[in-house]
There are 2 protein chains.
Amino acid sequence: MSLAPSAMEIVAHYQARIQPVLERWLPPSTDVPARLHEAMRYSVLGAGKRVRPVLCYAAGVAVGVPLTELDGPAAAVELIHAYSLVHDDLPAMDDDDMRRGRPTTHRAFDEATAILTGDALQVLAFQILTDDQAMNPDPASRLAMIRLLATASGTYGMAGGQAIDLAAAGRQLTLSEVEEMHARKTGALLVASVMLAAAARPALAPGRRESLHRYSRALGLAFQIVDDLLDVEGDPAVVGKAVGADALHDKPNYPSIAGVEAARARARSLMAEALSALEGFGPEADELRTLARFVIERTQ
Amino acid sequence: MSLAPSAMEIVAHYQARIQPVLERWLPPSTDVPARLHEAMRYSVLGAGKRVRPVLCYAAGVAVGVPLTELDGPAAAVELIHAYSLVHDDLPAMDDDDMRRGRPTTHRAFDEATAILTGDALQVLAFQILTDDQAMNPDPASRLAMIRLLATASGTYGMAGGQAIDLAAAGRQLTLSEVEEMHARKTGALLVASVMLAAAARPALAPGRRESLHRYSRALGLAFQIVDDLLDVEGDPAVVGKAVGADALHDKPNYPSIAGVEAARARARSLMAEALSALEGFGPEADELRTLARFVIERTQ
């Protein structure tokens, strides 16, 4: 009988850890401009899966960084993710009314507030990483973290991936084009979530850093293919949002091009790749291993 | 006969300096996503006054920082300004069709691209400040710069000011409320432009830092009151955009509440305050003095 925590236990543990951190960093809705601050809190503090903070903390365990040093980076990467959802949901972008079972930010408030909410969440992420109260005292590490997060969020990362995604509507993409889009749109930030923990440990052996990079790249793509699979065949009650959204928006995704079986096979082989990247690690990487298996289990 | 350079010469000199810096930092429109990169270049490289880089460089001269160390910070603050214009012009915000004599970004491209352009310009600003090639080698100074720029851009600065501005449409504000709105919406970033140069010089005496802060706060507010005056009574051919926009949007501004003469008087007294803040400086602050006078001369 194994005493190792299950994926659900790991996720629940870090979800509970990040919640008060986010709460503390978000400006109070009693401060002017109250409506904007309220919208920021609404956009972040609702039920989110907190995949990125979970990965950041689990990677911290793998490289021996105290979790207190990762509260700031984990919050920062979640704020970047939250801002991207608020902007992606806007009428001019994906035009979504519901997110995580609640009205999207521009529906609950208004479009102008939603645009400013995204803008302000993005900059708050960088502010957190510069803050004097952050636990990691080494300015070079913190600069490295800001560089990681900025690069992952920009046009060669998340923002670029969203632009490619928007441009892809109604077009036929090859599988490698879909993978490139995913690598930027969601992969870059998932990779950053893991690499932020590595950046908190400047003395980490380069080989370890490279292993974590391989792990996170494989996991990030697997995660997105599974998301695509859930969009094609998921149960809306389980998925928590409308399914078939990609088909509705005429957006190419992995299973729609390769077929459901091939998509599942690709996700499985990516999970194997993620696990093999961690071969040089001992039990300290068990949480990362459990999370990699969990990503796949969502559909199998 | 004075040999001191005129304000126009100072401005032209630094405008010419920042242009290739911006050009170099913006992603090439040959890189994917090409349309987004093109929109970023369009939004930044068109004719701008470059007030913020000019202030940053002139402050660098005042505190003895080599200009090469300020190319990155000057570009970063201009990118934040450019992103704010792109988002402020959006239909859900101020809904402007023209900017600097050309179609606004969402008009020249489309709304989704304009939203992503602003997002990507904001993060590029932070990326520049972390870059290894930046001239300032001290990580603590660079962290201080990122903190300054992030704070100035967030909800207690620029983004918050825009929220207050939007909420003010159709309402009656007091003069001190208008000043608070201006202090955040435009003042915070103008202050940051000057303080970025001070941050590049960690050994700067605290008194000098405080003087530059007083200077930039007064200048920032004067600048905005003059902008309001130009909106009320300017010649569109000189101002370069439609005048009367505030009245059209039913937005309170300084002269509409206090009257044109009182607004002019306030701008003059702010200029005097800006100059008096620099009293402890010698001729090394002459460029900052010339720029303060220039701000007022735009309307008198």
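Basis of the calculations
- Positions within a chain are numbered from 1, following the residues in the order the chain's sequence is written.
- As a convention, the first chain written is A and the first ligand written is 1, with the rest following in written order.
- Restriction of local features to residues with pLDDT of at least 70 applies here, the model being predicted, together with a cutoff of 80 or more for giving and counting side-chain atom pairs; totals for whole chains, interfaces and linings are based on all residues.
- Strands here mean DSSP runs of E at least two residues long; helices mean DSSP runs of H or I at least four residues long; both are numbered from the N terminus.
- Using C-alpha atoms as the atom set, the radius of gyration is obtained and then compared with a globule rule of 2.2 Å times the number of residues to the power 0.38.
- In this scheme every C-beta is placed from the backbone, and a residue whose C-beta has 20 or more other C-beta atoms within 10 Å is buried, one with 12 or fewer is exposed, and one in between is partly exposed.
- Whether two residues are in contact is decided by their C-beta atoms, placed from the backbone, lying within 7 Å.
- Under the convention adopted here, Pro, Cys and the residues Ala, Val, Leu, Ile, Met, Phe, Trp and Tyr are nonpolar, Asp, Glu, Lys and Arg are charged, and Gly plus all remaining residues are polar.
- To obtain an axis, a line is fitted to C-alpha atoms, over the contacting stretch when the element is a helix, and the angle between two such axes runs from 0 to 180 degrees between their N-to-C directions.
- The labels follow the angle: roughly parallel below 35 degrees, roughly antiparallel above 145, roughly perpendicular from 65 to 115, and oblique for the rest.
- Handedness of a crossing is defined here by the sense of rotation of the near helix relative to the far one, left-handed for an anticlockwise turn of less than a right angle and right-handed for a clockwise turn.
- Least-squares superposition aligns the copies on the C-alpha atoms of those residues with pLDDT at or above 70 in both.
- For this analysis, nonpolar core means a set of buried Ala, Val, Leu, Ile, Met, Phe, Trp, Tyr and Cys residues linked through C-beta atoms within 7 Å.
- An expected span of 1.5 Å times one less than the residue number is assigned to each helix.
- Bend, at a single residue, is the angle you get between axes fitted to the 7 residues ending at that residue and the 7 residues starting at it.
- Per residue, pLDDT captures the predictor's confidence, and it can take any value from 0 to 100.

Enquirer: What is the right way to look at the overall build of chain A in this model?
Expert: A tally of helices and strands in chain A yields 15 helices and 2 strands. In summary, chain A has a C-alpha radius of gyration of 19 Å against a globular reference of 19 Å for 300 residues, a match within 12%. Seen through its principal axes, chain A has C-alpha atoms that stretch 50 × 45 × 40 Å. Out of the 300 residues belonging to chain A, those deemed buried represent 53%. If you take every contact in chain A between residues at least 6 apart in sequence, the share linking residues at least 24 apart comes to 73%.

Enquirer: In this structure, what is going on with the environment of Tyr215 of chain A? I would like to understand it.
Expert: Residues and elements named next belong to chain A. For Tyr215, the position within the fold is in helix H10 (residues 206–233). Sequence spacing of Tyr215 and Leu288 is 73 residues, and the spatial spacing of their C-alpha atoms is 8.8 Å. Apart from the residues within four sequence positions on either side, Tyr215 is in contact with Val194, Ala274, Ala277, Leu278 and Leu288.

Enquirer: Explanation requested: the interface of chain B and chain A in the structure shown.
Expert: Many authors give the size of an interface as the accessible area that is lost as the parts come together. In this complex, chain B contributes 40 residues to the contact, which on the side of chain A involves 40 residues. The set of elements that each furnish at least two residues to the side of chain B that touches chain A consists of helix H2 (34–45), helix H6 (111–130), helix H7 (139–153) and helix H8 (158–168) of chain B. Considering each element in turn, the side of chain B that touches chain A owes the most residues, 12 residues, to H6 of chain B. In terms of residue class, the side of chain B that touches chain A is made up of 24 nonpolar, 11 polar and 5 charged.

Enquirer: Hey, could you run me through the packing of helix H7 (residues 139–153) of chain A against H7 of chain B in this one?
Expert: When two helices pack together, their arrangement is given by the angle between the helix axes and by the axis-to-axis distance. Where H7 of chain A meets H7 of chain B, the closest approach of the two axes is 8 Å, and the angle between their N-to-C directions is 45°. Viewed along their axes, H7 of chain A and H7 of chain B adopt a mutual orientation that is oblique. Viewed along their axes, H7 of chain A and H7 of chain B form a crossing whose handedness is left-handed. Counted together, Pro139, Ala140, Arg142, Leu143 and Ile146 of chain A of H7 of chain A and Pro139, Ala140, Arg142, Leu143 and Ile146 of chain B of H7 of chain B form the full contact between these two elements. Among the residues forming the contact of H7 of chain A with H7 of chain B, the class breakdown is 8 nonpolar, no polar and 2 charged.

Enquirer: Sorry, what's going on with the relation of the copies chain B and chain A here?
Expert: Superposition of the two copies of the chain requires a rotation about an axis together with a shift along that axis. When chain B is brought onto chain A, the operation consists of a screw motion whose angular component is 180° and whose axial shift is 0.0 Å, with 0.0 Å RMSD remaining. The transformation relating the two chain copies, once decomposed into turn and shift, fits a two-fold axis. Nearest to the rotation axis, the C-alpha of Pro139 of chain B is located 2.8 Å from it, this being the minimum over chain B. Comparing interface residues between copies, 100% of those in chain B also lie at the interface in chain A; the contact surface is shared.

Enquirer: I would appreciate a short explanation of the nonpolar core in the present structure.
Expert: The tendency in soluble globular proteins is for nonpolar side chains to be buried side by side. Judged by nonpolar contacts, the single largest core of 198 residues is most densely connected at Leu149 and Ala222 of chain A together with Leu149 and Ala222 of chain B. Leaving out residues up to four positions away in the same chain, Leu149 of chain A has contacts with Ala76, Val77, Ile80, Ala125, Leu129, Ala192 and Leu196 of chain A.

Enquirer: Would you mind going over the packing of helix H3 (residues 51–63) of chain A against helix H9 (residues 175–199) of chain A with me for this structure?
Expert: All names here are of chain A. Packing of H3 against H9 leaves a shortest axis separation of 7 Å and a crossing angle of 35°. In the packing of H3 onto H9, the handedness of the crossing is right-handed. Residue-level inspection shows Arg52, Leu55, Cys56, Ala59, Gly60 and Val63 of H3 in contact with H9, the latter providing Leu189, Leu190, Ser193, Val194, Leu196, Ala197 and Ala198. For the contact of H3 with H9, the residue count by class is 10 nonpolar, 2 polar and 1 charged.

Enquirer: Quick question: what am I supposed to make of helix H2 (residues 34–45) of chain A here?
Expert: Because each turn of an α-helix spans 3.6 residues, side chains separated by three or four positions end up pointing in the same direction. Along its 12 residues, H2 of chain A runs 16 Å from first to last C-alpha, staying within 8% of the 16 Å computed at 1.5 Å per residue. By the burial criterion, the buried members of H2 of chain A are Leu36, His37, Ala39, Met40, Tyr42, Ser43 and Val44 of chain A. Contacts from the buried residues of H2 of chain A go to helix H1 (7–25), helix H4 (71–88), helix H5 (105–108) and helix H6 (111–130) of chain A together with H8 of chain B.

Enquirer: What exactly am I supposed to notice about H9 of chain A here?
Expert: At Gly187 of chain A, H9 of chain A shows its maximal bend, which comes to roughly 55°. Within H9 of chain A, 19 of the 25 residues are buried, leaving the element largely enclosed by the surrounding structure.

Enquirer: Is there a simple way to explain the environment of Ala197 of chain B in this structure?
Expert: Residue and element names in this part refer to chain B. Position of Ala197 relative to the elements: it lies in helix H9 (residues 175–199). A sequence separation of 72 residues divides Ala197 from Ser269, and the C-alpha atoms of the two residues are 25 Å apart. When sequence neighbours within four positions are dropped, the list of residues in contact with Ala197 reads Cys56, Ala59, Gly60, Val63, Val65 and Leu70.

Enquirer: How should the environment of Ala205 of chain A be read in this particular structure?
Expert: Residue and element names in this part refer to chain A. Residue position: Ala205 is located in the loop between H9 and H10. Given 11 C-beta atoms within 10 Å, Ala205 falls into the exposed group. As for Ala205 and Val63, which are separated by 142 residues in sequence, their C-alpha atoms are 9.9 Å apart.

Enquirer: Hey, could you run me through unusual backbone geometry in this one?
Expert: Excluding glycine, most residues fall at negative phi; most peptide bonds, likewise, are trans. All names here are of chain A. Cis rather than trans, the peptide bond between Val32 and Pro33 has omega equal to -5°. Tracing the sequence through the fold places Pro33 in the loop between H1 and H2. Residue Asp95 is not a glycine yet carries a positive backbone phi of 55°. Structurally, Asp95 is set in the loop between H4 and strand E1 (98–99). Residue classification places Asp95 among the partly exposed residues on the basis of 13 C-beta atoms within 10 Å.

Enquirer: What is the right way to read the confidence of the model for chain A from this model?
Expert: When pLDDT is low, close inspection of the predicted coordinates is not appropriate. Looking at chain A as a whole, its pLDDT mean stands at 92, while 93% of the residues score no less than 70. Model confidence for the complex: the whole-complex pTM is 0.95, and ipTM, which rates the interface, is 0.95.

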